[in-house]
Protein chains: 2
Amino acid sequence: MANKYVYFFGANASEGNGTQKNLLGGKGANLAEMARRGFNVPPGFTITTEVCVEYYKNGKKFPKEVQPQIDAAVTKLEKALGKKFGDKKSPLLVAVRSGARESMPGMMDTILNLGLNDETVEALKAATGNGAFAYDCYRRFIQMYGDVVMGVQKKHENEEEPFEGVLHAVKHEAGVKLDNELDEKWLKELVKRYKELVKKFTGKSFPTDPRQQMQGAIEAVFKSWMNERAILYRNKYNIPAEWGTAVNVQAMVFGNMGENSATGVAFTRDPATGENIFYGEYLVNAQGEDVVAGVRTPNKIVDMAKDPNWASSYKELEAVRKKLEKEFGDVQDIEFTIENKRLFMLQTRNAKRTALAYVKIAHDMVKEGLMSPERAVESGDPEALNQLLQPIFDTAAYKAALTNGALMTVGLPAGPGAASGVLVFSAVKAEEVAATGKNVVLARIETSPEDLRGMIASQGILTARGGVSSHAALVARQMGKVCVAGAGEVEIDYEKGTLTVGSKTLKEGESISINGSTGEVFSGLIKTSPSELLQVLVTKTLDAKNSKLFQYYDFVMKLSDKYRKLGIRTNADQPDQASVAVSFGAEGVGLCRTEHMFFEGDRIDSVREMILFAEEHAKYKELVGEANGDEARLAELAKEYKDAIAHFTGALAKLLPIQQKDFEGLFEAMAGRPVTVRYLDPPLHEFLPATKAQKEDLAKKLGVSLERIEALGHSLHESNPMLGHRGCRLGIVYPEISEMQSRAIFRAALAVAKKTGKKVVPEIMIPLVGFEKELELQLAIVHRVAAEEFKAAGTKLQYLVGTMIEIPRAALTASEIAKHAQFFSFGTNDLTQTTLGMSRDDSGKFLPFYNKIEITKANPFAAIDQSGVGRLMKLAIEGGQATRPDIKLGICGEHGGEPTSVKFCHDIGLKYVSCSPYRVPVARLAAGQAGLAELKKAKASVAAAKAPVAKKATVKKAVKPVAKKAVKKVAKKK
Amino acid sequence: MANKYVYFFGANASEGNGTQKNLLGGKGANLAEMARRGFNVPPGFTITTEVCVEYYKNGKKFPKEVQPQIDAAVTKLEKALGKKFGDKKSPLLVAVRSGARESMPGMMDTILNLGLNDETVEALKAATGNGAFAYDCYRRFIQMYGDVVMGVQKKHENEEEPFEGVLHAVKHEAGVKLDNELDEKWLKELVKRYKELVKKFTGKSFPTDPRQQMQGAIEAVFKSWMNERAILYRNKYNIPAEWGTAVNVQAMVFGNMGENSATGVAFTRDPATGENIFYGEYLVNAQGEDVVAGVRTPNKIVDMAKDPNWASSYKELEAVRKKLEKEFGDVQDIEFTIENKRLFMLQTRNAKRTALAYVKIAHDMVKEGLMSPERAVESGDPEALNQLLQPIFDTAAYKAALTNGALMTVGLPAGPGAASGVLVFSAVKAEEVAATGKNVVLARIETSPEDLRGMIASQGILTARGGVSSHAALVARQMGKVCVAGAGEVEIDYEKGTLTVGSKTLKEGESISINGSTGEVFSGLIKTSPSELLQVLVTKTLDAKNSKLFQYYDFVMKLSDKYRKLGIRTNADQPDQASVAVSFGAEGVGLCRTEHMFFEGDRIDSVREMILFAEEHAKYKELVGEANGDEARLAELAKEYKDAIAHFTGALAKLLPIQQKDFEGLFEAMAGRPVTVRYLDPPLHEFLPATKAQKEDLAKKLGVSLERIEALGHSLHESNPMLGHRGCRLGIVYPEISEMQSRAIFRAALAVAKKTGKKVVPEIMIPLVGFEKELELQLAIVHRVAAEEFKAAGTKLQYLVGTMIEIPRAALTASEIAKHAQFFSFGTNDLTQTTLGMSRDDSGKFLPFYNKIEITKANPFAAIDQSGVGRLMKLAIEGGQATRPDIKLGICGEHGGEPTSVKFCHDIGLKYVSCSPYRVPVARLAAGQAGLAELKKAKASVAAAKAPVAKKATVKKAVKPVAKKAVKKVAKKK
């Protein structure tokens, strides 16, 4: 059987249905579905997305079978309507519209009134008795077709569109202001001049054959799939180019047939707030695009009821609105046309909505019995939940800033929300200004752990270098700070204390505002509004009872949890971060980066002391080994290395109780939930002092020469620190550090267990393992110290040991590594860098361009690269489970808070995802959606198994009412 | 059936044979085999290597079945000899020796005369009528056993060994100088004092029960497998710890039974030169270890013939020598003992030999019909062939330098051979000094492509930083230069012009010598001798006819080629390098790094000009794209970006003919052989000027400001350049560079094809591909330019396109990438760095330690990490072949010249390996060996298939004479 490329809809003969969005596009599928459900839809047909895919695969040629199928559909359409293409009495006119799997509003091209020529326009005039109307349609058609298919477009941004120019001239000559004031004579003149324009501009006559017109229009729609706007839109919303678009050819109905005709667009509820009001606009005597184009100011749809001429139509519409929500089980975004008081539905689709609207609608419609719990979970964009957490710019102030020249540049949106405050360039200054009670925006060329205190003190962070996974971005999201990263046009001069973009310079102390949701950087202050949700959950300044928003949010989250199988953990290094995460629903700590504790207070001095003498101490130990028990030699060595031993072991002894206290805080905050602690990871040079003053200070404190400290800096310098002496490689060469960390963990766990009476389950995680024996050696230390501490305490506790899988070799040799690991946690940040051979900090020079020309489908540092990194993850799981079937699997890379990645993690069988505290709601909803998707798939295959020999299901049967039927059995939460 | 852990040998009852080296160790297998072949071997038994493996696996416990099997073997031994352990009349005495799969001379422990105690020593005295002999045996036994099993050893390096101290005292009291001058009385006294020493030292009495003695000795041998010496040895020779060692328990025979007894070690030919002489030493009235220990000066074995008392024994030995070579088909390394004129063979094994001896022996013995061609190929160490290519230190001068304090430090042996000359610190100085005709050693902290000319001018290169795959090491090996890399103790001060190690400082202009085979760095000049082979093949100063060495070498290489399936290519950027490689047998260029050409002469200026304006030009192009054909805007842009366009395209225009000429040279040198050209790969900052003077010079030449050049330096700075903007990421962002390179290649190929009439087959290789579309986009440029150039030339030529597989994602998505690639070439340098997450330049801080404690089995930058990187390679091959079954597979990483990696490449089905020119002989022999190994395996399975229901083959049958039977059918070369 030949491929079916064309699907008819309407006139009680719909071939497709609402489930076929992938094939028919959203618009096509919903038109078929609406027609099936008894809405009045002008008939037509859909050319499938497969045709688009084939078109591009075959060098912009259609499959042979397409044209005959189109011809057949046209014939069917002609029969259904009793009209004929090009007929001088009853001509068929159609609209040709794009319709991708996901709606891409305004991105692709539409052509209306197709089928008109000098003869059929007269037939239209005769049929309607309205010459002005007929010629208005004709001039619109020539304009759209001329623009879209024949390329009659302005060539410079500042020019007027050519057709507009002609229109203005004619209106001027006719002495009218509005388009619909032109009478038939002038519209005829306009048609004539438009045709002349086309001829002059393209050298070709405007086509008169309707079938030729249609061919051109269909191809133009397919071509528009690859226009720059569409590509940009796809990149932004992660829509793959491979999906293609469908084309819908639909009989025209006319909202511009006179004063009893109208056209409108509406939402069945307010998509910004979620309020249950009929929200939309209409225009009398107009065609669809007039409403959007803003040629005339449209009327609010609720005002229609007040107009005596339209009150009955409003009633009809209101009924449709109710029926739509009931039939489709969600808020709908519709287009309609009223032709001589007869209502036609041109489109319905699930409405896009803000996060605010999402939680309210989900809450309300489920309670109203209109929406299924499944749909309530499905219909949210997890990523958008961030909107609920972030302060935002006050709308009016923001609009003003965008237009008054305050916008300086746009960087990467790295931590959503809005921040406005005093510009500072150093952590010290940030704390200083913050202490005066002012809001602060910290601008750095890039940030390092040294800037942490400054970041904490700031409302917003702006960096000139680094990507959305850079240190600044990572920490910002972890702390829920607003962040704009990698604003490449920004030049920061620390010495002069200036931030410059082009010719505009801000000095330290001046005001700056940043939008972490868009990347915008503004000079001056912009007023912000706070997030209600944070007031309830984090600052506790608002009682949950008094926050509707919180109730909606909580309702949705709990609904989502019913489908969720993935555990949600958080990446938190401090008790307060952990507590925030728990209030969002985190069930454990998936990653505590011990080294983030190293910078607090004076402890950094001890860290530096430890580093300064580590190498010498290791040398001492090597020589001790070679001495082979010779006591004289040992005494000699002890004397020779006295200083190094004293400093190194002394520093560790100082750090031990500090680390212990840190862990105690974390264990207490998590109150019995599991806590995964990663051992020291970053290269040691990250801890060294940067400025000369700091170095001199350290030299004085430790009683060593400045030269020695500088020499250490050189000796620790690495060409590629990302691939250098870090992770467990430190613990292997300096096992005393791992020993100290182990001791701190077990002492803390024992102390907290004793104090609180709650279970404490440390999960000890060795980073950057690549070789089985690395893990074996590090775990030998862990187990030895555990035994020692348990013996000393006279009690034991349960603990797990495992490793991060963050370099490809670990994934490839997972079966060996799993011999020693009770769990794997995927460190997808580093795993992405190594698997792609791409440093996230250096990718700014090419990765944006890669996304633009679609080499990469999405930013691999934000969403897991499933075919590369994802394949490695699957190999690691296979290997790990082969050795240890019950191995615990999780992820602690930043991807753990990104919805598509969460879904992937669910699909490959992870037990939990871990993400920064403020992304917990995102992960939680995404995980619920993933669980739901699995459940639906399972149900579908159960259904398929129950009817193994069923014939192709009748379409009616295949479409079950989505709403009302609440899911009775949901996946049990694990 | 219980595992068989103990194998009897000798007394016509050998259970093992010579093929069982893995199980019985080399010594055990060969003892069994010698006995089977009628040599006179004292009987005994071998405890298998499996026992050693189990011993360590089970926390140093033996499997239960072992002891009963030992007991049974002892009983069998007692019966065969008519002696009994501990018997007062006829006591059984045994030697206990280690014996690993591969010989590890001197690394593990041996105990002789086991079974003696105060009673059995008297029986021995009675049986031999020689009290002095009996007590000599006894005191030797106590000393060895006390040392090895009971730990009676000195505790400080400067002390005397405790037993030696007692011995000296007794000799002093007895008034004798040599051990064998002690009479029975004094020997008895010595035994007494030795026992007292043991008691005093250990608190335990010396054990008197022979079976207890044996248990202790066996365990001591197994323990010695993990002593420090043994571990170091294994690391050096890549012997896995998992192999374990066997233990051989053998009836004693006595070379110290009087003047008719002797002991000796010998080689059937000279293992240093390969000459056909009986090469070895013997001692009358001595036990085995005396010969090695140097207590007395042994006699040359050839002198035995001249001694009337020993002439007949010599004849017997000479016959054994001939029979051994005939039976074993190779030069043998033997140990023998003559007990009362009766010759016993204690060991035979294939002799280790120098590369010189290897080629001569292989040549001679094959011609003599003694050695099979297979063995001739197998018996060589490919790596050692480097010895034939490198100048070496004059032996006497080298010995002197090692002892006179000239040795300053030891770095990494990175380019084998010896170099001696004037110390310089810059490329300029190197050329300057070289121009005066002096030899030069260039010392740098690390080298960069800028140092290339200096490296060419030098005999040797010394760096303080960087590993064996650093730039210095890579280039040195490519050019056949001597190199010591990463000598961490060396401090180089460019400003002062000094090189310091500890307190010793050399100034520029002073003399220095380096040994690239060992890593040694010496102050002062050491005389060197040149390589004969290079005189024949490279400098052509010696005719092949006049070089025996060349003839031997050539014979072996051609023999190896008969088994070789892998093609051998070379990594060469210049015609002269390519020619050298061809003279060594290279069959093509596997990797031409185009950027290595960028530094020659003035062209670097054009390269820098291109880089300086690349980004601006890209911006211009982006704006042109956005202008969407608007001519006014285009004109505006062209004006605005006039300078950038002129500079960027001008620089490319200058580079085009230069690159073309380079390629012409290479294509001509390769005379029809395939040439793989890799497009621009390194990050652009590598090409920027480093010093202020250079920057100023460039600014002047290009008419731009110094600030601009410095700003570029900052803008191109990367955190991890290894993972940054390089490889095809450059060609994607700056497609004009790929276009220029394509044009240069095709113009050169067309020109050379026309000029020489020979086929030119460029293989175009896109580096660092990670995404299918990267390759697709770059190849679109290649194909377009090819079509343009073919059209312009009016002719076509064949070319291939492909990619390097050098980042994990490429391997993981190989099935997609193969849609566009006709070949894959594994870039295992970068693939190792990314797969292991380990920068080779930064690994110096931990990788040596990793090797020491056996986390890594070998340096992964030298030998392919088979379970990690190797697994990725296999995945890539699977994926590639799934899409394109005939995809051409090769390797161009440095591993392509390392023998175990060459074998791996053969085994996974690559078509060729490519390595630096001077490693071609190594790769060629290693590839021959790999082909041979496959052939033998195939033969073995054919044989197994022919006898599918054969019972366990009788041992006699399983051992076919290895020599004489030349292989008739060999694998056809591909």
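As the structure is a computational prediction, the values presented were derived from the model and not from experiment.

Draft legend 1. Broad picture of the overall build of chain A. When helices and strands are tallied, chain A shows 37 helices and 31 strands. Since a compact globule built from 974 residues should have a radius of gyration of about 30 Å, the 33 Å found for chain A is in line with a globular shape. Along the longest, intermediate and shortest principal axes, the C-alpha atoms of chain A span 120 × 70 × 55 Å. Put simply, chain A has 974 residues, and 58% of those count as buried. Here the analysis covers contacts within chain A between residues at least 6 apart in sequence; of these, 69% occur between residues at least 24 apart. Of the side-chain charges in chain A, 133 are positive and 118 negative, and the distance between the mean point of each set is 7 Å.

Draft legend 2. Spotlight on the pairing of strand β17 (residues 482–485) of chain B. Residues and elements named next belong to chain B. Alternating positions in β17 separate into two faces, V482 and V484 on one and C483 and A485 on the other, with burial throughout. Alignment of strand β16 (residues 460–463) against β17, held across three bridges, turns out to be parallel. Residue pairing across strands places L462 opposite V484, the latter belonging to β17.

Draft legend 3. Summary view of the pattern of salt bridges. All names here are of chain A. Per the counting criterion, the structure on display carries 139 salt bridges over all chains. Of the charged contacts, one joins R465 and E446 as a salt bridge, the two residues approaching to 3.6 Å between their closest N and O atoms. Linking R465 in the loop between β16 (460–463) and α18 (471–479) with E446 in the loop between β15 (440–444) and α17 (452–457), this pair joins segments that are 19 residues apart in sequence. Via salt bridges that share partners, E739, R743, R747, R784, E788 and E789 belong to a single interconnected network.

Draft legend 4. The arrangement of the state of the cysteines in detail. All names here are of chain B. One pass over the structure, following the stated rule, counts zero disulfides over all chains. Free cysteine C592: the closest other cysteine sulfur is in C892, separated by 11 Å. C592 gets classed as buried once you look at its relative accessible area, which sits at 0%.

Draft legend 5. Spatial organisation of the sheet that holds strand β5 (residues 245–251) of chain B. Residue and element names in this part refer to chain B. Strand order in the open sheet formed by five strands is β1-β2-β5-β3-β4, with antiparallel pairing between adjacent strands. In the strand order of this sheet, the two ends are held by β1 (6–9) and β4 (110–114), each with one partner. Between one strand and the next, the sheet's axes are offset by a mean angle of 20 degrees, whatever the strand orientation. Two elements, β1 and strand β2 (residues 44–47), share four bridges in a ladder whose sense is antiparallel. From the neighbouring strand, Y7 faces β2, where its bridge partner is T46. Strand contacts of helix α3 (residues 66–81): β1, β2, β3 (94–100) and β5, with the helix running at about 10 degrees to β1, the strand carrying the most contacts. Running over the sheet, helix α8 (residues 210–224) touches β2, β3, β4 and β5 and is turned about 150 degrees from β5.

Draft legend 6. Broad picture of a nonpolar patch on the surface. Residues and elements named next belong to chain A. Together, L402, L407 and V410 make up an exposed nonpolar region whose accessible area comes to about 220 Å². Counting through the fold element by element, L402 comes out in helix α15 (residues 395–403). Judged by its relative accessible area of 37%, L402 is partly exposed.

Draft legend 7. Fine view of helix α29 (residues 772–793) of chain B. Its 22 residues give α29 of chain B an end-to-end C-alpha distance of 31 Å, which sits within 8% of 32 Å, the value for a rise of 1.5 Å per residue. Taken together, the buried positions of α29 of chain B are E772, E774, L775, Q778, L779, I781, V782, V785, A786, E789 and F790 of chain B. Where α29 of chain B is buried, its residues meet α33 (847–852) of chain A together with α27 (728–733), α28 (735–756), β27 (762–766), β28 (800–805) and α31 (814–817) of chain B. Remark: G794 of chain B follows α29 of chain B within two positions and exhibits a positive phi of approximately 70 degrees.

Draft legend 8. Main features of the interface of chain A and chain B. Contacts between chain A and chain B engage 62 residues on the former and 64 residues on the latter. At the boundary of chain A with chain B, total buried surface from both sides reaches about 5300 Å², with 55% on carbon and sulfur atoms. In terms of surface lost to chain B, no three residues of chain A exceed L723, L812 and K845 of chain A, which account for 13% of the buried area on that side. Of the charged contacts in the structure, one is a salt bridge between K845 of chain A and E615 of chain B, with a shortest N-O distance of 3.3 Å. Linking chain A to chain B there are 28 residue pairs in polar contact (both at pLDDT 80 or more). For the side of chain A that touches chain B, the element with the most residues is helix α22 (residues 603–627) of chain A, which contributes five residues.

Draft legend 9. Representation of the confidence of the model for chain A. Summing up the model confidence of chain A, the mean pLDDT is 90 and the portion of residues at 70 or higher is 95%. Here residues 950–974 of chain A is a poorly scored stretch, pLDDT under 50, and it has 39 contacts once near neighbours within four places are set aside; other chains count.

Draft legend 10. Structural detail: the packing of aromatic side chains. In the structure shown here, the tally under the stated rule is 48 aromatic pairs over all chains. Ring geometry for F584 of chain A and Y918 of chain A: centres 5.7 Å apart, planes at 65 degrees, overall edge-to-face. One end of the pair, F584 of chain A, is in helix α21 (residues 575–584); the other, Y918 of chain A, is in the loop between β31 (912–915) and α36 (920–946), and 334 residues separate them in sequence. Residues F584 of chain A and Y918 of chain A agree in their burial class; the two are buried. In textbook terms, an aromatic cluster arises when at least three aromatic residues are bridged by ring pairs, as seen for Y55, Y56, F62 and F222 of chain A. One residue, K4 of chain A, lies across the ring of Y7 of chain A, its end atom 4.9 Å from the ring centre. If you follow R37 of chain B out to its NZ or CZ, it ends over the ring of F328 of chain B, 5.7 Å from the centre.

Draft legend 11. Structural context of the sheet that holds strand β7 (residues 279–284) of chain B. Residues and elements named next belong to chain B. Judged by pairing direction, the sheet is antiparallel, and its five strands sit side by side in the order β8-β7-β6-β9-β10 without closing on themselves. Unpaired on one side and paired on the other, β8 (299–300) and β10 (342–350) mark the two borders of the sheet. In terms of strand pairing, β7 meets β8 through two bridges, oriented antiparallel. When the bridges of β8 are listed, E281 appears paired with K300. Strand contacts of helix α11 (residues 311–328): β9 (332–339) and β10, with the helix running at about 30 degrees to β10, the strand carrying the most contacts.

Draft legend 12. Examining the relation of the copies chain A and chain B more closely. Turning chain A through 180 degrees and shifting it by 0.0 Å along the axis lays it on chain B, with an RMSD of 0.2 Å. Taken together, the turn and the small shift mark the pair as related by a two-fold rotation axis. For chain A, the smallest separation between a C-alpha atom and the rotation axis is recorded for N720 of chain A, amounting to 2.1 Å. Counting the interface residues of chain A, we find that 100% of their copies in chain B are interface residues as well, pointing to one common contact surface.

Draft legend 13. Focus on the packing of helix α4 (residues 120–128) of chain A against helix α5 (residues 131–148) of chain A. Residue and element names in this part refer to chain A. It is at 8 Å that the axes of α4 and α5 come closest, and there the two elements cross at 145 degrees. The two elements α4 and α5 cross, and the hand of that crossing is right-handed. Here V121, E122, L124, K125 and T128 of α4 come into contact with α5, specifically with G131, F133, A134, Y135, C137 and Y138. Residue classes in the contact of α4 with α5 are distributed as seven nonpolar, two polar and two charged.

Rules behind the numbers
- Residues numbered from 1 in each chain as written.
- Chains lettered and ligands numbered in written order.
- Predicted model: local features only at pLDDT ≥ 70, side-chain atom pairs only at ≥ 80, totals over all residues.
- Heavy atoms only, no water.
- Helix = DSSP H or I, 4+ residues; strand = E, 2+ residues; numbered from the N terminus.
- Rg over C-alpha atoms; globule rule 2.2 N^0.38 Å.
- Buried < 20%, exposed > 50% of the residue type's maximum accessible area, 1.4 Å probe, protein only.
- Contact = heavy atoms within 4.5 Å.
- Lys, Arg positive; Asp, Glu negative; His and termini not counted.
- Charge placed at Lys NZ, Arg CZ, Asp CG, Glu CD.
- Pairing = 2+ DSSP bridges.
- Salt bridge = Lys/Arg side-chain N within 4 Å of Asp/Glu carboxyl O.
- Disulfide = S-S within 2.5 Å.
- Axes fitted to C-alpha atoms, helices over the stretch in contact; angles between N-to-C directions.
- Patch = residues over 30% accessible without salt bridge, like charges linked within 9 Å, V, L, I, M, F, W, Y side chains within 5 Å.
- Areas by Shrake-Rupley, 256 points an atom, 1.4 Å probe, with all protein chains shown as cover.
- Expected span 1.5 Å × (residues − 1).
- Buried area = accessible area lost by both parts, 1.4 Å probe.
- Polar contact = N/O pair within 3.5 Å; in protein donor to acceptor, adjacent residues only side chain to side chain.
- pLDDT = per-residue confidence, 0-100.
- Phe/Tyr/Trp six-rings, centres within 6.5 Å; stacked < 30°, edge-to-face > 60°.
- Lys NZ or Arg CZ within 6 Å of the ring centre and 35° of its normal.
- Least-squares fit on C-alpha atoms with pLDDT ≥ 70 in both.
- Left-handed = near helix turned anticlockwise from the far one by under 90°.
- Nonpolar A, V, L, I, M, F, W, Y, C, P; charged D, E, K, R; others polar.

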